[in-house]
Amino acid sequence: MDPRRQQAHELRHQIEWALARALDPRDVLPLLHRLARLADDGSEEKIFANLHLAELLVERDPWRAALYARRVLARRPDDDRGWATLALCQTLLGNYRFAVTAYHHAIAAAPKNPWYAHNLGHLLDVALGRADEAIGWLKRAYQSATYSGEVAASYAHALARVGRIADARRVLTRAMKRASSREHAALLKWLEQGAPA
């Protein structure tokens, strides 16, 4: 192995160690930028750096994070994390239709991931007003992640939006027995008012 590739390989291990122990993973950003510059195009180290940069920057700088996610997908077109990160970037940038397409790719690559189905369903319901399409995705997420109050709330919201208020109330009440929040209470109040537009 040439010295540059060896250095990239060692830097990746250092980053993995730091990420496993970091209180704030964003503290590792300088190392990830260094690895992205050092690693050969198409190498596992370059893909690793770009994926982690995308995931760590998505909330603070979604446009830049989308560029890193696209670099991952250029080398690995079936990478579910790359597609999901790109979808979140596009959601934050307001490009909802593109985000829907990206979530479809993420789900195709990892069909058992309930969070991708949840995010797609929530996006369809809330951002695009297509609750009827969202129901199937949210039901799928709910069946796989019944422990999640967030998934239950999204599913209940979409159910109410298509007029299934009794079903929505059942889903939400079940979730509130496990753990309640202000958001759940507000959603329940909305359901009790008949889910007005």
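This section reports on the structure supplied with the text. (Residues numbered from 1 in each chain as written. Predicted model: local features only at pLDDT ≥ 70, side-chain atom pairs only at ≥ 80, totals over all residues. Heavy atoms only, no water.)

### Side note on the packing of helix 3 (residues 44-57) against helix 5 (residues 80-92)
No. 1: Following both chains from N to C, one finds helix 3 and helix 5 inclined at 30°, their axes separated by 10 Å at the closest point. Relative to helix 5, the element helix 3 lies roughly parallel. Helix 5 is crossed by helix 3, and the crossing has left-handed handedness. Two secondary-structure elements touch here, helix 3 through L51, H52, A54 and E55 and helix 5 through R81, G82 and T85.
No. 2: Within the contact of helix 3 with helix 5, the residues separate by chemical class into two nonpolar, three polar and two charged. (Axes fitted to C-alpha atoms, helices over the stretch in contact; angles between N-to-C directions. Helix = DSSP H or I, 4+ residues; strand = E, 2+ residues; numbered from the N terminus. Parallel < 35°, antiparallel > 145°, perpendicular 65-115°, else oblique. Left-handed = near helix turned anticlockwise from the far one by under 90°. Contact = heavy atoms within 4.5 Å. Nonpolar A, V, L, I, M, F, W, Y, C, P; charged D, E, K, R; others polar.)

### Focus: the layout of surface pockets
No. 1: Put simply, the largest pocket is a space of about 280 Å³.
No. 2: Forming the boundary of the largest pocket are 14 residues, of which H118, H122, V126, E150 and S154 lie nearest the centre.
No. 3: Mapped by element, the contributors of at least two residues to the lining of the largest pocket are helix 5, helix 7 (114-127) and helix 9 (149-161).
No. 4: Sorting elements by how many residues they give to the lining of the largest pocket places helix 7 first, with six residues. (1 Å grid on protein atoms, 1.4 Å probe; cavity = no way out; pocket = protein on both sides within 12 Å on 5 of 7 lines; lining within 4 Å. Points joined across faces, edges and corners; volume = space filled by probe spheres on them.)

### Here's the deal with the side chain of E45
No. 1: Considering the arrangement of structural elements, one finds E45 in helix 3.
No. 2: Comment: no salt bridge for buried E45; closest opposite-charge side chain is R12, at 4.5 Å.
No. 3: Apart from the residues within four sequence positions on either side, E45 is in contact with A8, H9, R12, L35 and A39. (Buried < 20%, exposed > 50% of the residue type's maximum accessible area, 1.4 Å probe, protein only. Lys, Arg positive; Asp, Glu negative; His and termini not counted. Salt bridge = Lys/Arg side-chain N within 4 Å of Asp/Glu carboxyl O.)

### Section: the environment of L124
No. 1: With respect to the helices, strands and loops of the structure, L124 is situated in helix 7.
No. 2: Look at L124 and you get buried, because its relative accessible area is 1%.
No. 3: Taking C-alpha positions, L124 is 13 Å from Q90, a pair spaced 34 residues apart along the chain.
No. 4: Once you skip the residues sitting within four places of it in the chain, L124 turns out to touch V100, G129, R130, A131, E133, A134 and W137.

### Focus: a nonpolar patch on the surface
No. 1: The grouping of W63, L67 and L93 at the surface amounts to a nonpolar patch, some 300 Å² of accessible area in total.
No. 2: Looking at the secondary structure, you find W63 in helix 4 (residues 62-75).
No. 3: For W63, a relative accessible area of 57% puts it in the exposed group. (Patch = residues over 30% accessible without salt bridge, like charges linked within 9 Å, V, L, I, M, F, W, Y side chains within 5 Å. Areas by Shrake-Rupley, 256 points an atom, 1.4 Å probe, with all protein chains shown as cover.)

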